[in-house]
Amino acid sequence: MENLKIEIPSGASTIIETLGAHGHVAYVVGGCVRDSVLGRNPADWDITTDALPEEVKEIFPVTIDTGIEHGTVTVRIDHVSYEVTTYRIDGEYEDGRHPKDVTFTRSLEEDLKRRDFTINAMAYNDTEGLVDLFDGLGDLRRGIVRCVGNPTERFSEDALRMLRALRFSAQLDFAIEAETFGAIQTLAPTLSKVSAERIQVELLKLICSDHPERLEAVAESGLSAIFFPEWDAMLSCSQATVHHCYDVGHHTIEVMREVPATKGMRLAALLHDVAKPISKKTDKKGHDHFVGHPSLGAVMARDILRRWKLDNGTIDMVCRLVKYHDERPQLTPRNIRRLVHRIGTEHMEDLLTLQWADILGQSDYLREEKLERVTQLREGYETILREQQCVQISDLKLNGKDVIAAGVPKGPMVGQALEALLQVVLEDPARNEREDLMGELEQWKKSCK
Ligand code: ATP
Ligand code: MG
């Protein structure tokens, strides 16, 4: 084995040494070895050992039973958590979801054999150096994702591994080895057995990577057809308009690249034009139009994100951005206030980012003018913030109590009254004064009679 040195953090070293002092063997393993060799910063340091979970728990004072049935115990050292997992052989995967049973083993080789890819199947400790039984190092240097063992068998044990292959190829900018990719194309339909939660984890890592363009390979692999058929439709939706130089799918990839790599922004970019394929109408001159695609897209996005089991906060944020991504009112201060009111101040920054990125993913046609427009919208928004103009009910100088005190019955009418007052103030911020609003409220009450 060549002389490769990995800097193990002191907590993980302590665990490995302590287990050694008790007659056991332990290594750092998997992602942290891969990332260290690549000079990347590992997210976490996992440890693999021949010690049984009960033995690990006896040796360390502070442990948590994280996944004790799978052999994983969390050990806390100086307030940092390390997952310590006993060497194991995974049993059959029940319906492609979870291993039905796991068997502990005293053999490191068995443990490395159950891992998904060669680049993820290396172990390391300071005494023995790198343990690399499947040429993971070679694949790291060649930039290749390759299954440990026979790809068809490995994907049949756990179908999620297929999406993981694409996720690693996107994170690391690696190619997928031909036999491995072929097996994915054959077995892609079996991804339907995998839970949405597990798919979500891999999908988010893929779209938040430096290479969202790998989504193209996700379609080629046949996997998106199973969990995201809308994506296949986007990739085959051409756009005959001066504004675009790519089909909807490739435009989407460009926009994703231009937004920050956060869950919300990448999902919003991914889904902003999701309704274009079903909204497309071609006119007599052969030009394409996508009337109504933002609102319809917001409905579709909600459906898709629910299917992927995203949290409600993310769903609301993304759907809002999809709905308003194409909003281009005439930029009067009044119209900008109305837009800020509709989207909500907490989403304005994100909307501006998405609109900017959307333009960068289009053709050069009128690019400077389009970007200038977003800049003006930003300036208008900044004026609203600076002058603390009222753009929502909570900014009004009258509140629900005042409205009730003025004789509006408790219930839905209170909200309607406040909404009516807000409309007045959106029109003219100077009118956000108690006396003025009281007068306005009296008018409103009369109009209700
Ligand atoms: P990340 O940096 O995203 O955490 P990782 O390689 O650590 O990447 P994890 O999902 O945390 O990925 O898994 C840790 C290790 O466990 C992997 O490196 C791999 O060896 C193994 N592993 C994880 N999931 C599977 C799976 N579905 N099938 C086989 N081995 C797996
Ligand atoms: Mg990990």
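The rules behind each value
Residues numbered from 1 in each chain as written. Chains lettered and ligands numbered in written order. Predicted model: local features only at pLDDT ≥ 70, side-chain atom pairs only at ≥ 80, totals over all residues. Heavy atoms only, no water. Helix = DSSP H or I, 4+ residues; strand = E, 2+ residues; numbered from the N terminus. Rg over C-alpha atoms; globule rule 2.2 N^0.38 Å. Buried < 20%, exposed > 50% of the residue type's maximum accessible area, 1.4 Å probe, protein only. Contact = heavy atoms within 4.5 Å. Areas by Shrake-Rupley, 256 points an atom, 1.4 Å probe, with all protein chains shown as cover. Lys, Arg positive; Asp, Glu negative; His and termini not counted. Charge placed at Lys NZ, Arg CZ, Asp CG, Glu CD. Patch = residues over 30% accessible without salt bridge, like charges linked within 9 Å, V, L, I, M, F, W, Y side chains within 5 Å. Salt bridge = Lys/Arg side-chain N within 4 Å of Asp/Glu carboxyl O. Pairing = 2+ DSSP bridges. Core = buried A, V, L, I, M, F, W, Y, C linked by side-chain atoms within 4.5 Å. Domains from an automatic or database assignment. Near = heavy atom within 4 Å. Polar contact = N/O pair within 3.5 Å; in protein donor to acceptor, adjacent residues only side chain to side chain. Nonpolar A, V, L, I, M, F, W, Y, C, P; charged D, E, K, R; others polar.

Trainee: For the overall build of the chain, give the residues involved together with the corresponding values.
Mentor: Summing up its helical and strand segments, the chain has 23 helices and 15 strands in all. Over its C-alpha atoms the chain spans a radius of gyration of 28 Å, topping by over 25% the 22 Å that the globule rule assigns to 449 residues. In terms of overall dimensions, the chain has a C-alpha envelope of 85 × 60 × 40 Å along the principal axes. Burial analysis of the chain (449 residues in total) assigns 52% to the buried set. A fraction of 63% describes how many contacts in the chain between residues 6 or more apart in sequence connect residues 24 or more apart. For the chain, the exposed area adds up to about 21,000 Å²; of that, 49% sits on carbon and sulfur atoms. Side-chain charges in the chain split into 55 positive and 74 negative, and the spacing between the mean points of these groups amounts to 7 Å.

Trainee: Can you explain a negative patch on the surface? Please cite residues and give values.
Mentor: The grouping of Glu368, Glu369, Glu372, Glu379 and Glu382 at the surface amounts to a negative patch. Position of Glu368 relative to the elements: it lies in helix α20 (residues 367-386). Among the residues examined, Glu368 registers a relative accessible area of 59% and is labelled exposed.

Trainee: Just give me the short version of the pattern of salt bridges, but keep the residues and values in it.
Mentor: All chains considered together, the criterion is met by 35 salt bridges. Arg257 is the salt-bridge partner of Glu213, the closest N and O atoms lying 3.2 Å from each other. Here Arg257 lies in helix α13 (residues 248-258) and Glu213 lies in the loop between α9 (196-207) and α10 (215-221), a separation of 44 residues in the sequence. The partly exposed category is assigned to Arg257, whose relative accessible area is 40%. Across the salt bridge formed by Arg328 and Asp326, the nearest N and O atoms sit 3.3 Å from each other. Judged by its relative accessible area of 27%, Asp326 falls in the partly exposed class. Salt bridges linked by common partners bring Asp116, Arg164, Arg167 and Glu202 together as one network.

Trainee: Now, about the pairing of strand β1 (residues 26-29): what can you tell me, with residues and values included?
Mentor: Of the two faces of β1, both are covered, the one formed by Ala26 and Val28 as well as the one formed by Tyr27 and Val29. In this structure, β1 lies alongside strand β2 (residues 46-49), joined through four bridges in antiparallel fashion. Its bridge partner lying in β2, Val29 is registered against Asp46. In this sheet, strand β10 (residues 123-125) lies alongside β1 in antiparallel orientation, the contact comprising two bridges.

Trainee: Break down the nonpolar core for me, citing the residues and quoting the values.
Mentor: Val28, Leu223, Phe227, Leu270, Leu271 and Trp308 are the most contacted members of the largest nonpolar core, which has 126 residues in total. Residues from two domains meet in this core; each of domain 1 (10-142) and domain 2 (394-448) gives at least three. Beyond its immediate sequence surroundings of up to four residues, Leu270 is in contact with Ile207, Leu215, Phe228, Trp231, Met234, Thr252, Met256 and Trp308. Listed in part, the seven residues of the second largest apolar core include Val29, Tyr87, Ala123 and Val131.

Trainee: So what about the pairing of strand β4 (residues 72-77)? Which residues, and what values?
Mentor: Taken across its six residues, β4 has five buried, putting it largely inside the fold. As paired strands, strand β3 (residues 63-67) and β4 are joined by three bridges and run antiparallel to one another. What sits directly across from Ile64, in β4, is Thr74. Across six bridges, β4 lies against strand β5 (residues 80-86) in antiparallel orientation. Bridge pairing in β5 links Thr74 to Glu83. Between β4 and β5, which pair antiparallel and follow one another directly, the connecting turn spans two residues, one of which, Asp78, has a positive phi of 50°.

Trainee: Talk me through the site of ligand 1; I want residue IDs and the actual numbers.
Mentor: Not every one of the 14 residues close to ligand 1 is listed here, only the nearest: Arg34, Asn120, Asp158, Arg161 and Arg167. Between a nitrogen atom of ligand 1 and a side-chain N or O atom of Asp158, the distance comes to 2.8 Å. The separation between an oxygen atom of ligand 1 and a polar side-chain atom of Arg167 is 2.7 Å. When ligand 1 sits alone it has 580 Å² of accessible area, and the protein chains cover 80% of it. Contributions of two or more residues to the shell around ligand 1 are made by α2 (31-37), α7 (160-172) and α9. Of the residues forming the shell around ligand 1, the biggest block, four residues, is contributed by α7. Tallied by class, residues from the shell around ligand 1 come to one nonpolar, three polar and ten charged.

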